[in-house]
Structure formats: C-alpha cells, structure tokens
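# Tertiary structure, described
The residues making up each chain are set out below.
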Amino acid sequence: MSLYDLIWGGVGLLLTVMVLSYLIGDNLLFRLAAYLFVGVTAGFLSVLIINQILWPFLLQPLINGLWIEKIWVLIPLTLAVLLVISQFQRFKGLGRVPLAFLAGLTAAVTVGGAVFGTLIPQLRAVVNAFDPLDWYQSPGMPWLRITEAVVMLVGVLGTLSYFHFGRRRRDQNDPSEVRPGFFEGLAKVGGVFLGMALGTVFAGIFSTALVAMIDRLLVISEFVMRLMGGS
Amino acid sequence: MKKILPIIIACATGLTILAGYFFQDRLAPILGLLINWGIVLVGLAGLIGIAYLVRMHIFRIAHRQKGGFYSVIVLLAFLFTLIAGLILTPQNAFYRDWVLNIQTPVEASLLAVLSVTLLYASLYLVRTRGWTPMSVGFLVGALVSLILNLAVFQFQPGSRGEVWALVLRRLPLAGLRGILIGMALGGLIVGLRVLLAVDRPYEGE
Amino acid sequence: MTWTQIGWIIIGLAAVLLAGLNVLIRGRKPYQVRENPALKRLQDHRVVAVERGKGRQVILGDSFWSHAYPGLGLHALSALPGLVSPEDKGEGGQVVSTGSGALVLFAREIVQGRYQDGFSPDLQDRKLPVSLPGPTALSFTAGLLPELSMHTIGSLAMFGSFGMGAPLWAEAAYIKGGQVFAAAGSITAQAALFLTVRDLLIGEEVFMLPGLLAPTAPNQAAWLTEDILRVALMLLLIVAATLKMAGLL
C-alpha cells in the first residue's frame, strides 16, 4: 500500500468512525465529520455549477458565441444579474422577475411531468392489464392475469379513495374524519394496499441502508488487515 | 405594473412551455431555449443558496455564536474545495480523490446510521401506529419483501410456489400506482395554481 | 381517443375547475374536508413552543424539482405561508431550512412578505431565518443534525421533496423533546417515516396541507378540484378497463 493510499484509506476510516459515533448520540467527532462534508460538498457543487452550467450556458456564448447567440444570452444574463442584485435589501424587488420566470417554468414542467410523465403511464398500466390478448399469451395462467388485473384495479381505486379530502356531510360541527360512504369503504381496502406498498419500499430502504453499514464495516476491517500486513 | 409584470412573466413562460408540449414540432427550439435559461437560473440559485450557507457560518464566527468552531471547518473545507476545483478542474486525480474520499465514507456512514435508526423504529411499529389495516399491511409487505429478497425459498420455474411469489411481489404495485397517481394529481393542481397566478411564490404569496 | 389527448383533457378540466371554483367558492359555505388530528397536534405544539421559548424548525425539503415528484417543491412553497407569521420573531424563533438554493430564494420572499404583513420593524435581511444547512440531500442531513442538536426544538415540521434521510431529522428532534410533523411526498420518505413519525401525511394527503393551514377560497377550490378529478379518474379507470376487456380500446 502506497503512502498516498494509506492516507486516503486512513481518512476514510476516520470519517466512517466519526459518523458512526452518532449512534451513541450527537458528539464532537460527528460534528467535525458532518461539517467537513458540508464544506466539501458546497465547494464541489459550486465548482460543478460554474463549470457545467454558468460557463457553457451563459459565459461561453457571451464571450465566444456568434452575435445572434450573444443577443439571446442577454435575456438569461439580465435575469441572472437581477437575481444576484436582489440579494441586497435595497434591490429586493428586482428578484421577482427572475423568480417569476423560474416559477412559471417549473409550474409548466410540473404540469407536463405530472400528467404525461406519471399520471398517464400509471393509468395506462392499470388499464392495459385488462387486455384479453395478454391474458391468454402465457398458456395455463390466464386466471392469474385476470386476478392480478382486478386486484390492481381495486387496489388503485382503494388507494385513491383513501386520499379523498371531503368528509361525510352530517352536522356542521361534527369533527368527522370519515369520508363519504362509498369512499370510506374503498379507503379501508386502499389502506391495506397502501401499507403493503410502503412496507415493500421500507424493506428496500432498509436493505440499502444495511448494505451501506456492511460496506463500511468491510472497509474498516480490510483497511486494518492491510495495515497489519494481512491480505 | 410592479405587481403585474412578474405575474405576466410567470404565466407567459408557463403557457409557452405548455404550448411547447402541445406543438412539439414547431415550438421545440423555444422550449429548449427557455429550459436552458431555467437551468442557468437554477444553477445560479444554487450558488446563491451556497452563499447563504457561507454567510451563516461567517455570521456565526463573527458573533462568536455557539458552534463557531465548526463553522471554521465548513469555511476552510469550502474554500479549499472551491479554489482547488477552479484551479485544478474537477477532472484532476488529486481533486477527485479529495472530494470522493470525504464524500463517500460520510454518505455511506450516514446510511449506515439510518439502518440502525430504522431497525430500532421498526421494533416500535405497533406502538407508533397501533393495529390498523395499514400498519398490518405495512408489516406484511415489509416481511414478505425481505423474505423474497433474501431468496430463502427457491422455486422451480412454472411451479405454484413461483406463481405465488410473483403474485406477492406484484401485489404492492397497486398501492404504489395509487400513490403515484395521487401525487401526480396533486402536482398538476399545484402547477396550475402557479400558472393561474393563484399561488405567487415570487411575490411572497 | 389517444392517451395524450386524455392527458390534455385532464389538464384542461383541472384548469377550468380550479379557476371556476376559485370564483364560485368565495362567500359560500366552505368545502367540508376531513379533520386532521396530526396537524392539530402540530399547531398545538407550535403554540406551546412559543410559550416556552423553544425553537420551531420548518424544513422545505432538499430539492425544488424532481422527475418523480415534480410538484413537491412548489407545494412546499404553497404551504409555507401558513406556517410563517410576524410572531415567529418572538421567543425561540422559527428557522426555515432547505437544501435547495431556489427554495431558499422563494422562501425568503415568502418569509419577508409575511413579516411585512405584520409591520415588523425587525426586518433586516441578515436576520431572516432562512437557512441552507447543506446543498445536497445527504449534506443537508449532515448539516441539519448538529443544528437540531445545538438548539432547543419545540416542533419540527417537514414538507416538500425529501428522501430517506428524514427519519434521522425526526429522531434528532425527538431527542430534544420536540414534536415532529411530516407531510412526506416521496414514496421513500413516506415508507421511512411511517415507523418514526406518528403525525404523518402520506401520498396525496400532503396536498391538503396548504388548505388546512390556511383555509382560504383558493385552497378550498384546490381541494374540491382534486376531489372531483380523483373521482373522474376512478370512473375513467373503470370505463377504460371495461372497454379494454371488450376489445374496444
């Protein structure tokens, strides 16, 4: 092991132990590691933003671009300057223009992404499971596909009912948490499906975190072994 | 005018982007241009956000507030990483080692800490949530998923066991799809509220 | 009819409903939604926190926009005004934290706007309690945990787009005796917080939050629009599945 590798290995080991010390409570070692990490990440992200966003999208066209590119780049440049200036209390109001642009853009991308990126593909997947051609594609198991399609539909309808905001109309002052009749029934089924979905995702998160724990323990043991001359 | 201009900009930008989705062939170049401008602004906002972080730590040191010592660490690490990155570029081997050998162990160790937190919390599932259909579903979903992922049971291809394993694996999909559809619906409304100027976060409303 | 056309119809219908109901609902009987005990507890704890001079922490998530959950960043901003008031400058104070630069800028606008509503003289920019503990998801967690430990926490409210680091924030707040409320948007956050946070809104429920915090006419119109659209989607699913089975779709 070269000295260079030894140093970095030692740094990794030290940081691992410092962060894992959080398990016995917040302490000086954890804070040191955490704040070092925050500083490095902030510095690295700044470099990436400058190198990969501001330089190619804003500064390069302004310096090396054709005149038409220079004209076009004046708009984001103006918005960028307004955003920076608005950080000074006196010019606070100027930030509203670039922020309005950002909000409008994000809102439209949100609408498009929500409908065409999530809603429609999910609806399609539920409906396509009812295609009779698909059911009989794999011989011997059409019942399974039919059951799966029906269970999927009931599960989705139940989950959507669970989210129903409105409550049963009774007395104005009734602090009811109950949905209107039809939705309440379906929501009970939906609650089970929701629980199962979250449980499955939880298992995935737990596995990922556990793998990270095992990885850290392996790194520590390997480093110590190598330091002691073992393989 | 001071109030109306941001609203016009937000609505015009949003509607142009939406029109770009609709008339993709004709408006694709404008769509790309607007998105590039957005990327520039988000990047710049990221830098300003980091400036807030730096300012907070400078403030803490200057006013000798609690945790001032840690703020020195943040600022030193930040300045070194920033200056080294600008001089050496992110492709430089030493620079990569500097960033990765700090980020990787800390990130992995934070996940390791999370695993213990989750394990501990899972012991108290019923105390936190009680016996509800959802908590029972959660328990069943988590256990089944963990058992199936551990591959304790090996099934013959085409056997009943394999069919049941498949069914159990796909059962949670219904809930996941329901959640995603619901989230998309909420996202649609939130986006439209900004486009219709009902929500105006750029004006503090 | 193609699925893309159905998508545009949904967008059009949502826009018309939202705009129409926004006008129609004003001055009428409010739309009755389910009560939320979790939010009630948050509000109670926030009051207690002010009385005892403890801090209140609001987390707006660690990203402004994500592919999987595009609306969560904007949602955090629409909920924020309901948790900011000029009284926040009082004992203990309130800090709004986020891991995204864009959210910092928007949050600053909102916080300043709300403080000005109260004619607070204490409006110097450098004192505005909007912070960015770390600029990425995990660095945000790393930066936030010591901050939570260093200060007294009366209540921690988190909403917006965040991931599986959230249980660590919740645990840190619990250790300090704080109450935790979460409106978890992403599925990973929902699953991770299900075990640790009792006062938790999951899935589409998180979009109830702005209206629960401030039941204004636009927020009520949003509730009603979402409920109508949800029922429409459920009917669409049943009809489309039937047509598919019959070979007509």
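## Some details on helix α7 (residues 181-227) of chain A
All names here are of chain A. Taking 1.5 Å as the rise per residue, α7 with 47 residues should run 69 Å; its terminal C-alpha atoms sit 68 Å apart, in good agreement. A maximum bend of about 30° is found in α7 at Lys188. Downstream of α7 by one or two residues, Gly229 has phi in the positive range, about 90°.

## Some remarks on the domain arrangement of chain B
Often, the extent of an interface is quoted as the loss of accessible area on bringing the components together. Residues and elements named next belong to chain B. Here the domain parsing of chain B yields domain 1 (1-88) and domain 2 (93-123). Using only C-alpha atoms to locate each centre, domain 1 and domain 2 end up separated by 26 Å. Each partner contributes to the interface: domain 1 provides five residues, whereas domain 2 provides four residues. Interface area, domain 1 with domain 2, both sides summed: about 410 Å², of which 82% is carbon and sulfur. Broken down residue by residue, the surface that domain 1 buries against domain 2 is led by Phe80, Thr81 and Leu88, which jointly contribute 78%. Inspection of the region where domain 1 meets domain 2 yields zero salt bridges. Where domain 1 meets domain 2, there are two residue pairs in polar contact (both at pLDDT 80 or more).

## Brief notes about the interface of chain A and chain C
Of the residues lining the interface, 67 residues belong to chain A; the matching set on chain C comes to 73 residues. Both faces considered, chain A and chain C share a buried interface measuring about 6,200 Å² in area, 73% of it formed by carbon and sulfur atoms. On the chain A side of the interface with chain C, the three residues burying the most area are A:Val127, A:Phe165 and A:Leu198, jointly 13% of the side's total. The tally of links from chain A across to chain C stands at one salt bridge. One salt bridge in this structure joins C:Glu109 and A:Arg96, with 3.6 Å as the shortest N-O distance. Run the count over chain A and chain C and you get 15 residue pairs in polar contact (both at pLDDT 80 or more). Those elements giving two or more residues to the side of chain A that touches chain C turn out to be α2 (28-64), α4 (96-128), α5 (132-135), α6 (142-162) and α7 of chain A. With 21 residues, α4(A) is the single largest residue contributor to the side of chain A that touches chain C. Taken together, the residues of the side of chain A that touches chain C sort by class into 42 nonpolar, 15 polar and 10 charged.

## Describing the packing of aromatic side chains
With the rule as written, the count across this model stands at 23 aromatic pairs over all chains. Measuring from ring centre to ring centre gives 6.2 Å for A:Phe101 and B:Trp37, while their planes differ by 45°; the resulting arrangement is tilted. On the criterion of chain membership, the pair formed by A:Phe101 in helix α4 and B:Trp37 in helix α2 (residues 24-62) is interchain, its members lying in two chains. Take A:Phe101: its relative accessible area is 4%, and that puts it in the buried class. Take B:Trp37: its relative accessible area is 10%, and that puts it in the buried class. Centroid distance A:Phe130 to A:Trp135: 6.4 Å. Interplanar angle 65°. Geometry classified as edge-to-face. The exposure class of A:Phe130 is buried, given its relative accessible area of 4%.

## Details of the environment of B:Arg169
All names here are of chain B. In this fold, Arg169 is placed in helix α7 (residues 160-170). In contact with Arg169, other than residues within four places in its own chain, are Leu148 and Asn149. Separated by 3.4 Å, the side chain of Arg169 and the backbone oxygen of Leu148 make a polar contact.

## Observations concerning unusual backbone geometry
Residues and elements named next belong to chain B. The phi angle at Thr89 is positive, at roughly 75°, despite the residue not being glycine. Along the chain, Thr89 turns up in the loop between α3 (68-88) and α4 (93-122). Although it is not a glycine, Ala197 adopts a positive phi angle of roughly 65°. Its place among the elements puts Ala197 in the segment after α8 (172-195).

## Quick notes on the pairing of strand β6 (residues 199-202) of chain C
Look at any regular strand and the pattern is simple: side chains alternate between the two faces of the sheet. Residue and element names in this part refer to chain C. Neither face of β6 is left uncovered, since the one carrying Asp199 and Leu201 and the one carrying Leu200 and Ile202 both have all their residues buried. Sheet topology places strand β5 (residues 179-184) next to β6; four bridges connect them, and they run parallel. Bridging across to β6, Phe181 finds its partner in Asp199. This β-α-β element, β5 to helix α7 (residues 187-194) to β6, shows right-handed connectivity.

Cut-offs used in this document
- Residues numbered from 1 in each chain as written.
- Chains lettered and ligands numbered in written order.
- Predicted model: local features only at pLDDT ≥ 70, side-chain atom pairs only at ≥ 80, totals over all residues.
- Heavy atoms only, no water.
- Helix = DSSP H or I, 4+ residues; strand = E, 2+ residues; numbered from the N terminus.
- Expected span 1.5 Å × (residues − 1).
- Bend = angle between axes of the 7 residues up to and from the residue.
- Domains from an automatic or database assignment.
- Contact = heavy atoms within 4.5 Å.
- Buried area = accessible area lost by both parts, 1.4 Å probe.
- Salt bridge = Lys/Arg side-chain N within 4 Å of Asp/Glu carboxyl O.
- Polar contact = N/O pair within 3.5 Å; in protein donor to acceptor, adjacent residues only side chain to side chain.
- Nonpolar A, V, L, I, M, F, W, Y, C, P; charged D, E, K, R; others polar.
- Phe/Tyr/Trp six-rings, centres within 6.5 Å; stacked < 30°, edge-to-face > 60°.
- Buried < 20%, exposed > 50% of the residue type's maximum accessible area, 1.4 Å probe, protein only.
- Pairing = 2+ DSSP bridges.
- Right-handed = clockwise from strand over helix to strand, strands pointing away.

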